[in-house]
Amino acid sequence: MDYRRTYVRDLFSMPPGSSTSAYGWVKTRRDSKGVSFVQLSDGSCFRDLQVVIEAGSIPEEQLKLLTTGACVRFDGEVVASPAAGQAVELKATGVEVFGPADPTHYPLQKKGASFEFLREIAHLRARGNTFGAVFRVRSQASFAIHKFFIDRGFHAIHTPIITASDCEGAGAMFAVTTLLETPPHEEPEAVLKARPYLQDFFEKPAYLTVSGQLEAETLALGMTNVYTFGPTFRAENSNSVRHLAEFWMIEPEMAFCDLDGNMNLAEEFLKEVIGFLLERCAEDLEFFNQRIEPELLTTLHHVVESPFERMTYSEAVKLLEASGESFEFPVSWGSDLQSEHERWLTEKKVGRPVILTDYPKEIKAFYMRLNDDDRTVRAMDVLAPRIGEIIGGSQREERLEVLERRIDELGLPKEAYWWYLDLRRFGSAPHAGFGLGFERLLMYVTGMKNIRDVIPYHRAPGQAEF
RNA sequence: UGCCGCAUAGCUCAGUCGGUAGAGCAGCUGACUGUUAAUCAGCGGGUCGUAGGUUCGAGUCCUACUGCGGCAGCCA
């Protein structure tokens, strides 16, 4: 056995008469008087292979083992199918059962199960249509993202996953410590209190990263265009269909780039990645369009073909105030937009992705470049129909005095930012970048409604099985 | 974390006014020469999430707890 062999995907284009083997897992078996049919899947593509087993061609006791979930190899001949539903099929001459699956205990069945149930058996769900398709799209999307940046001369960089500075300011963090190596019955809280952090592994508090942005900026101011694509952790107690405690984030950072350039990159990025997937994952996306989100292909093509709407936060607030809609939360300049506001803008008002810019400085991070009005910053959020905010970014504050003033205003520990401020002290440059949640992109592209269903094993409050 | 909802067969669900539980699928047995979520006949399958309470009687009403889901917030 070798990975270089025929996959189910390949069988569909083999000429009738070819002798071959097919490895995979049984989805269903249908029996008739003199013939049985097995749907075989190996995850190499969306389609199943129909295997035809004529009576007597394999031993009766082997046939009985071919139940849903069983892992097998069929040997046989590719033949033109006489029935509708598939062009070719495999006429079996032999079978080897690698792993039977007792049908009275195997939790999957040929009929669909709820996503909630499948989450509980996440170790088996990749065998079904939906999750096979999700994870194939995830793989291709990952490739498309790297290709997009590498094609444009960006350098892939790896920012640290463990960070010893509490200054990223993007939400609650997971502590990283070796102080808990003592057995739990020795009361870890007491241990933590009794022993100063000086005795911990890093000799200071350490955390899992919530963003690689600040580190990415340091590489951009030396290598010009860089990007990260790695795991990110947020310890927020958030229980929603679009948040995870562990997720993958893409963060490009560009020197000699302003907010307009940043918006151009974000728009190009979404268009190219989605366009790539429309081509490369056509069968999988067709499935999502039929079974998950009826408007999927229409909206994806629309995103690829039409320019994104761009407006300032202030313009958006005016539109919302004039909308006549009765929102649960009132709209007023200076407060952050609620989900319902973002949804109205992108779904009802514009009907395609919208980029909002120039938010009030009070509701955005300290590192965003201050506008001349001294009230707004060069921030941008890309909002997409169905899922809301998909990208958040900004032009960064490159002026040392302004950045120091912002840090002081917000009462942040300036000493901790010494290296970040050094960038502005020595050879500072206008620069910009954004962050994109990989799983949010996958939700958008597949139409899946819950972020927990676009990652193999989700991490959320109280959820760390597998 | 707040609000709302749900929890009944392996899965998806129904269960009326409170009267000791039902369907489809899956499983098992059989029928059928090519099926496509095959079809047809028969069979088995339940401590109704847990613990209390009200009642002659609770799947059904009440309380608490647990689990899950949705919405909101936090954001990517």
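Residues numbered from 1 in each chain as written. Chains lettered and ligands numbered in written order. Predicted model: local features only at pLDDT ≥ 70, side-chain atom pairs only at ≥ 80, totals over all residues. Heavy atoms only, no water.

**Student:** Tell me about the overall build of chain A, residues and numbers included.
**Tutor:** Within chain A one finds 14 helices and 16 strands. Oriented by its inertia axes, the alpha-carbon framework of chain A measures out at about 85 × 60 × 45 Å. Put simply, chain A has 466 residues, and 50% of those count as buried. For chain A, long-range pairs separated by at least 24 residues make up 67% of all intrachain contacts whose partners lie at least 6 apart in sequence. (Helix = DSSP H or I, 4+ residues; strand = E, 2+ residues; numbered from the N terminus. Buried < 20%, exposed > 50% of the residue type's maximum accessible area, 1.4 Å probe, protein only. Contact = heavy atoms within 4.5 Å.)

**Student:** Could you give me a rundown of the pattern of salt bridges, with the residues and numbers involved?
**Tutor:** Scanning the entire structure with this criterion turns up 32 salt bridges. In this structure, Glu 439 engages Arg 138 in a salt bridge whose closest nitrogen and oxygen atoms are separated by 3.0 Å. Placement of Glu 439 in helix α14 (residues 438-446) and of Arg 138 in helix α4 (residues 129-151) is noted, with a sequence separation of 301 residues between them. Exposure class is identical for Glu 439 and Arg 138. Each is buried. A single network of salt bridges, built from pairs that share partners, joins Glu 217, Glu 253, Arg 396 and Arg 424. (Salt bridge = Lys/Arg side-chain N within 4 Å of Asp/Glu carboxyl O.)

**Student:** An account of the sheet that holds strand β8 (residues 175-176) is needed here, citing residue identities and associated values.
**Tutor:** The three strands are arranged β7-β9-β8 in an open sheet whose pairing can be described as antiparallel. One side of each edge strand has no neighbouring strand; the edge strands of this open sheet are β7 (162-163) and β8. Bridge analysis of β7 against strand β9 (residues 206-208) gives two bridges, and the strand direction is antiparallel. Opposite Ile 162, over in β9, you have Leu 208 as the bridge partner. (Pairing = 2+ DSSP bridges.)

**Student:** Account for the protein's contact with RNA strand B, with residues named and values stated.
**Tutor:** In the region of RNA strand B, 50 residues are neighbours, and Ser 32, Lys 110, Asn 237, His 243 and Arg 440 sit closest. Backbone atoms, meaning sugar and phosphate, form 52% of the atoms of RNA strand B found within 4 Å of the protein. Within the backbone of Asp 31, one N or O atom sits 2.9 Å away from a base nitrogen of RNA strand B. The side chain of Ser 114 places a nitrogen or oxygen atom 2.9 Å from a phosphate oxygen of RNA strand B. Elements that contribute at least two residues to the surface near RNA strand B include exactly β1 (19-31), β2 (35-41), α3 (115-120), β11 (246-255), α11 (339-350), β15 (388-395) and β16 (431-437). When grouped by side-chain class, the residues that make up the surface near RNA strand B number 15 nonpolar, 20 polar and 15 charged. (Near = heavy atom within 4 Å. Polar contact = N/O pair within 3.5 Å; in protein donor to acceptor, adjacent residues only side chain to side chain. Nonpolar A, V, L, I, M, F, W, Y, C, P; charged D, E, K, R; others polar.)

**Student:** Could you give me a rundown of the packing of helix α7 (residues 259-280) against α14, with the residues and numbers involved?
**Tutor:** Running from N to C, α7 and α14 cross one another at 55°; their axes reach a closest spacing of 11 Å. The orientation of α7 relative to α14 falls into the category oblique. Crossing of α7 over α14 shows right-handed handedness. Every residue of α14 that contacts α7 at Phe 269, Leu 270, Val 273, Ile 274 and Leu 277 is listed here: Leu 441, Tyr 444 and Val 445. (Axes fitted to C-alpha atoms, helices over the stretch in contact; angles between N-to-C directions. Parallel < 35°, antiparallel > 145°, perpendicular 65-115°, else oblique. Left-handed = near helix turned anticlockwise from the far one by under 90°.)

**Student:** I'd like a description of a nonpolar patch on the surface, backed by residues and values.
**Tutor:** Taken together, the side chains of Ile 161, Ile 162, Phe 201 and Phe 202 make up a nonpolar region of the molecular surface, amounting to roughly 380 Å² of accessible area. Note on placement: Phe 202 falls in the loop between α5 (188-194) and β9. (Patch = residues over 30% accessible without salt bridge, like charges linked within 9 Å, V, L, I, M, F, W, Y side chains within 5 Å. Areas by Shrake-Rupley, 256 points an atom, 1.4 Å probe, with all protein chains shown as cover.)

Any functional reading would require information beyond the geometric quantities listed.
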